[in-house]
Amino acid sequence: MTDQLSEKDIENISLEDSEQYAVMPLRNTVLFPQQVIPIYIGRKKSLRLIAELDPKRKYIIVVAQEDGSIEDPEPEDLYSYGTLATVLKVFDMPDNSKSAIVQGITRVKILDYLDKKSYFKAAVQPVSDDPINDQLEVDALAKNLRQAFRDLIKVAPNLTDEHTGMLSNIQKANRLVDRAISLITLPNKEKQEILEELNVKKRIEKAITIISREIQRIKLGEEIQTEVHDEIAKTQREYYLREQMKAIQKELGEDEGTIELKELEERVKAAKMPEESEKVAMKELDRLMRIPTQSPEYNVSRTYIEWLTDLPWSKSSKDRINIKDALKILDEDHYGLDKVKERIIEYLAVRNLKQKRNPDGSVRGPILCFCGPPGVGKTSLGKSIARAMGREFIRLSLGGVRDEAEIRGHRRTYIGALPGRIIQSIKKAGTNNPVFMLDEVDKLGADFRGDPSSALLEVLDPEQNHSFSDHYLELDFDLSKVMFITTANYQDAIPPALRDRMETLEFSGYIEDEKVQIAKRHLVPKQVEENGLMKNEVGLDANAIKELISAYTREAGVRQLEREIANVLRKVARELVETKSKKIKVTKKKVHDLLGASRFHSDLAERATKPGVVTGLAWTAAGGDILFVESTRMKGKGKLILTGQLGDVMKESATAGLTYVRAQAEDFGIDPDFNEQTDIHVHVPAGAIPKDGPSAGVSMVTSLVSLLTGTSVKEKIAMTGEITLRGNILPIGGVKEKVTAAHRAGIREVILPYRNRKDLEDVPENVSKDLTFHFAKEIRDVIKIALPGVLKQRRKTSSTNSKKA
């Protein structure tokens, strides 16, 4: 049986139900009925199957693997539908494998695998196509299939007109679709779907869909290939034309490199550099002429020259001459901050005088450090200063900067080197005398890459910054005309050498009245606009703003206040939309309705009028505040217990205070031996907040005297001051903030160190007029005011003892 079977022969072949058939798995092939294909046989099981095949009845079941990569498939790895085939011829191959030519006979369904040892044997059931209900429709579909196949032949590179001839001789629709799909290169899965489809109409429809998709895929591939080819041809053409253009320009002496070098030379001359810098630039330009344009060194050298030409060596902005106009701009942008404004106006006045008397002279730019808590307007004041002076403003944030190269740049030996951010910012400003703000200078870091704060020493030194040298430029650039302003929250974090080079201007926290004015002038109008409201639609009175400040914020600046104002106005906007009101007035009561319960309360309300409790004054980053010093006694052996997260300085103040009280016990009418059987506990709430500093010394001594004499401290009085062992009171800082906090808390009398009398000049008049100030040189002065009965009682006791004597 070596000849190919005819269609009639195939139809006469019948399967016997009792017979087992050998199963040959195929990796990447699906065999259709009447299709003749060669198969390569290399697996041991398949070779054994061919060797044991009955010479008279060479029937096998050919079935495709679901995954062709499996070397030794199991029954579950094979499709359940296959094809009964006859082996027409077997060939021996040189590598001991075999090759066979097989012809498909009919579709079969594998019912069960009966033998899996040497090779698969299975019981199968022949499957026939479903009866055709509408022959006319099937004939029409078959015609469409033929046409689709003809269209495919026109575009498919592996199909020829000969294949069309094969289909033209087939009349039966089921055979036609099998033959058409068998000729196309498709994934096994799609061919298997056609093999398993028994409805002839659906089989043809699927085949037409597959062929149409293949046509689209091939056409799309050809289009992409054509586009790529055209693009390559265009690129080659452009390259050829460019090369021709270069040759022509070279002949004319107008090549691209020459033009670029001439432009750079003109830019060097126009930059008006200092003589030394221009000399270096021209030398680098001369070197650039000798470097081939294709060399990487060419771009490095050209970039360096471009940086030199882009810097504003001699370009300055003209300062505002009219001091009144400058002051007006400063007042428009910021309320208060008089000392800072005064310093800027002084600088402008000096500059005006120098320009009048010596027009060619230069005024060295001041180097200021704005130090204060967050949100008090340090950064925004820098912008305002630039506007008032008519200068450019640039800002450089130093927070988290750890690399010295950020300031000085990288040397040109490194790939991708650039100047430092100082020179980059000067280039961005476009003038050599901008207002340059170095933000968050107290948050500079240092690591293995260097110390940026050390690099800033040259930048911020008036004696050195006229010749600032960047690692990239390796030329001196004059920064003396720049007005440097640095900002910091804490001076202590700034290295001493750097701090020494700057003129520090302290920004204290705003008091309540200042915050009210800032809110009225700046925050409320800004937030009204940002929240889509009109001025005539909402009214926010002074009492409402004061309530926002005291009950919903606790800060030195106004950032949180601005957020709370925005919060109120958003709710107002919603109310306007929902109720369609024309205007909503926000009062103190309305604030509570909109924002809910107060977040902060007056600390004075928590004070108990018992012996041992004293109101002190403290300075915080958020401004001033009051604190309580509470003392109590119990049986013990003279131990002093300190709680409330106190720092070392504050603990030492408590120890010194107790020592003073013990030394002066008789003067205060206290048993001199109280310490032998008594432990004293001093607590400063709130316990979760760390506290430190010497200014609570006076409060601690007064608390101990109050406790040990059983006398309550005078109501609505607060105190501050550092003590010595001899009972002297030393001056303290932050008087303005502390006094303002006392006023805000409802205090009526304040005890201050005598040497702080001069600091009352900084306290706003509307605060000081409501308070009575006492100035103490020693502790006895404090005791007379805060505990008046103690010293009187001591005098009575002394006189009684004298009479008895």
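Cut-off values and rules
Residues numbered from 1 in each chain as written. Predicted model: local features only at pLDDT ≥ 70, side-chain atom pairs only at ≥ 80, totals over all residues. Heavy atoms only, no water. Helix = DSSP H or I, 4+ residues; strand = E, 2+ residues; numbered from the N terminus. Rg over C-alpha atoms; globule rule 2.2 N^0.38 Å. Contact = heavy atoms within 4.5 Å. Areas by Shrake-Rupley, 256 points an atom, 1.4 Å probe, with all protein chains shown as cover. Lys, Arg positive; Asp, Glu negative; His and termini not counted. Charge placed at Lys NZ, Arg CZ, Asp CG, Glu CD. Buried < 20%, exposed > 50% of the residue type's maximum accessible area, 1.4 Å probe, protein only. Polar contact = N/O pair within 3.5 Å; in protein donor to acceptor, adjacent residues only side chain to side chain. Disulfide = S-S within 2.5 Å. Arc of directions from axis to C-beta. Pairing = 2+ DSSP bridges. Axes fitted to C-alpha atoms, helices over the stretch in contact; angles between N-to-C directions. Parallel < 35°, antiparallel > 145°, perpendicular 65-115°, else oblique. Left-handed = near helix turned anticlockwise from the far one by under 90°. Nonpolar A, V, L, I, M, F, W, Y, C, P; charged D, E, K, R; others polar. Salt bridge = Lys/Arg side-chain N within 4 Å of Asp/Glu carboxyl O. Phe/Tyr/Trp six-rings, centres within 6.5 Å; stacked < 30°, edge-to-face > 60°. Lys NZ or Arg CZ within 6 Å of the ring centre and 35° of its normal.

Colleague: Can you break down the overall build of the protein chain residue by residue, with the values?
Modeller: A count of helices and strands for the protein chain gives 27 helices and 24 strands. For a compact globule of 805 residues, the expected C-alpha radius of gyration is about 28 Å, and the protein chain comes in at 48 Å, more than 25% above that figure. Summarising its shape, the C-alpha atoms of the protein chain cover approximately 150 × 90 × 65 Å along the three principal directions. Of the contacts made within the protein chain by residues no fewer than 6 positions apart, 72% connect residues no fewer than 24 positions apart. Summing over all exposed atoms, the protein chain offers an accessible surface of approximately 42,600 Å²; the carbon and sulfur share of this is 48%. In the protein chain, the 125 positive side-chain charges and the 125 negative ones have mean positions that sit 7 Å from each other.

Colleague: Describe in detail the side chain of serine 480, supporting the description with residues and values.
Modeller: Along the polypeptide, serine 480 turns up in the loop between β11 (476-477) and β12 (483-488). Using a relative accessible area of 15% as the deciding quantity, one classes serine 480 as buried. A distance of 2.6 Å separates polar atoms of two side chains, one belonging to serine 480 and the other to aspartate 478. Not counting residues within four places of it along the chain, the set of residues in contact with serine 480 comprises Val363, Arg364, Gly365, Asn465 and His466.

Colleague: Explain the state of the cysteines to me, and be specific about the residues and the numbers.
Modeller: With the rule as written, the count across this model stands at zero disulfides. No disulfide involves cysteine 369; its sulfur sits 5.5 Å from that of cysteine 371, the nearest cysteine. According to the relative accessible area criterion, cysteine 369 is buried, its value standing at 1%.

Colleague: Report on helix α2 (residues 44-51), specifying residues and quantitative values.
Modeller: For an α-helix, the turn length of 3.6 residues means that residues three or four places apart are oriented alike. Taken residue by residue, α2 has Ser46, Leu49 and Ile50 as its buried positions. Each buried residue of α2 lies within a common arc of 95 degrees when the element is viewed along its axis, so the set occupies one face. Exposed positions of α2 whose direction lies more than 90 degrees from the buried face are Lys44 and Ala51. Among the structural elements, β1 (21-26), β2 (36-41), β3 (59-64), β4 (81-92) and β5 (98-115) are those in contact with the buried residues of α2.

Colleague: Account for the pairing of β4, with residues named and values stated.
Modeller: Across four bridges, β3 lies against β4 in antiparallel orientation. Bridging from a neighbouring strand, valine 62 pairs with threonine 83 of β4. Connecting β4 to the next strand, β5, in antiparallel fashion are five residues, including asparagine 96 with a positive phi near 70 degrees.

Colleague: Can you tell me about the packing of helix α3 (residues 135-155) against helix α4 (residues 161-168), naming the residues and giving the values?
Modeller: One can describe the packing of α3 onto α4 by two numbers: an axis separation of 9 Å at closest approach and a directional angle of 170 degrees. One element, α3, and the other, α4, form an angle in the roughly antiparallel class. Regarding α3 and α4, the two cross each other, and that crossing is right-handed. Contact with α3, carried on its side by Arg146, Phe149, Arg150 and Ile153, involves Asp161, His163, Thr164, Leu167 and Ser168 of α4 and no other residues of that element. The residue makeup of the contact of α3 with α4, split by class, is three nonpolar, three polar and three charged.

Colleague: Run through the pattern of salt bridges, naming residues and quoting values.
Modeller: In this structure the tally under the stated criterion is 42 salt bridges. The partner of arginine 107 in a salt bridge is aspartate 178, with the nearest N and O atoms 2.8 Å apart. Of this pair, arginine 107 sits in strand β5 while aspartate 178 sits in helix α5 (residues 173-183), placing them 71 residues apart in sequence. Residue classification places arginine 107 among the buried positions, given a relative accessible area of 5%.

Colleague: Account for the environment of serine 168, naming residues and giving values.
Modeller: As for its placement among the helices and strands, serine 168 is situated in helix α4. Among the residues examined, serine 168 registers a relative accessible area of 42% and is labelled partly exposed. C-alpha separation for the pair serine 168 and arginine 146, spaced 22 residues apart in sequence, amounts to 8.0 Å.

Colleague: Give a description of the sheet that holds strand β13 (residues 503-506) that names residues and reports values.
Modeller: Strands sit in the order β8-β9-β12-β7-β13 across an open sheet of five strands; the sheet is parallel. Pairing within the sheet leaves two strands with one partner each, and these edge strands are β8 (393-397) and β13. Averaged over all pairs of adjacent strands, the angle between their axes in this sheet comes to 20 degrees, without regard to strand direction. Pairing between strand β7 (residues 367-371) and β12: five bridges, direction parallel. Residue pairing for β12: isoleucine 367 is matched across the bridge by phenylalanine 484. Against the sheet, helix α15 (residues 421-429) contacts β8 and β9 (435-439), and its axis sits at roughly 155 degrees relative to β8.

Colleague: Outline the environment of serine 454, supporting the account with residue identities and numerical values.
Modeller: Structurally, serine 454 can be placed in helix α16 (residues 452-459). Residue classification places serine 454 among the partly exposed positions, given a relative accessible area of 40%. C-alpha separation for the pair serine 454 and isoleucine 407, spaced 47 residues apart in sequence, amounts to 9.8 Å.

Colleague: Please provide a residue-by-residue account of the pairing of β5, values included.
Modeller: Here β2 pairs with β5 via six bridges, running antiparallel. Its bridge partner lying in β5, tyrosine 40 is registered against serine 99. In terms of strand pairing, β4 meets β5 through eleven bridges, oriented antiparallel. Bridged to alanine 85 within β5 is glycine 104. When β5 meets strand β6 (residues 121-126), the two strands line up antiparallel, connected through six bridges. Across the sheet, the residue bridging to isoleucine 110 is valine 124, located in β6. In sequence, β5 turns back onto β6 through a hairpin of five residues.

Colleague: If you had to explain the environment of isoleucine 511 to someone new, which residues and values would you point to?
Modeller: Along the polypeptide, isoleucine 511 turns up in the loop between β13 and α18 (512-530). Sequence separation of isoleucine 511 and histidine 743 is 232 residues, and the distance between their C-alpha atoms is 10.0 Å.

Colleague: An account of the packing of helix α20 (residues 559-579) against helix α21 (residues 588-595) is needed here, citing residue identities and associated values.
Modeller: Interaxial distance between α20 and α21 falls to 10 Å at its minimum, and their mutual angle equals 85 degrees. In terms of orientation, α20 lies roughly perpendicular with respect to α21. The residues of α21 that touch α20, namely those facing Glu564, Asn567, Val568, Lys571, Val572 and Glu575, are Lys590, Leu594 and Leu595. By residue class, the composition of the contact of α20 with α21 is four nonpolar, one polar and four charged.

Colleague: An account of the packing of aromatic side chains is requested, with residue identities and associated values reported.
Modeller: Taken as a whole, this structure holds five aromatic pairs when the rule is applied. With centroids separated by 5.5 Å and ring planes inclined at 65 degrees, the aromatic side chains of tyrosine 113 and phenylalanine 120 adopt a geometry described as edge-to-face. Under the relative-accessibility criterion, tyrosine 113 is labelled buried at 14%. Judged by centre distance (5.4 Å) and plane angle (35 degrees), the rings of phenylalanine 436 and phenylalanine 484 are tilted. Of this pair, phenylalanine 436 sits in strand β9 while phenylalanine 484 is found in strand β12, placing the two residues 48 residues apart along the sequence. Here phenylalanine 436 and phenylalanine 484 have matching classes, each one buried. Across from the ring centre of tryptophan 307, 4.1 Å away, lies the NZ or CZ of lysine 427, which sits over that ring.

In short, shape yes, function no, at least from these values alone.
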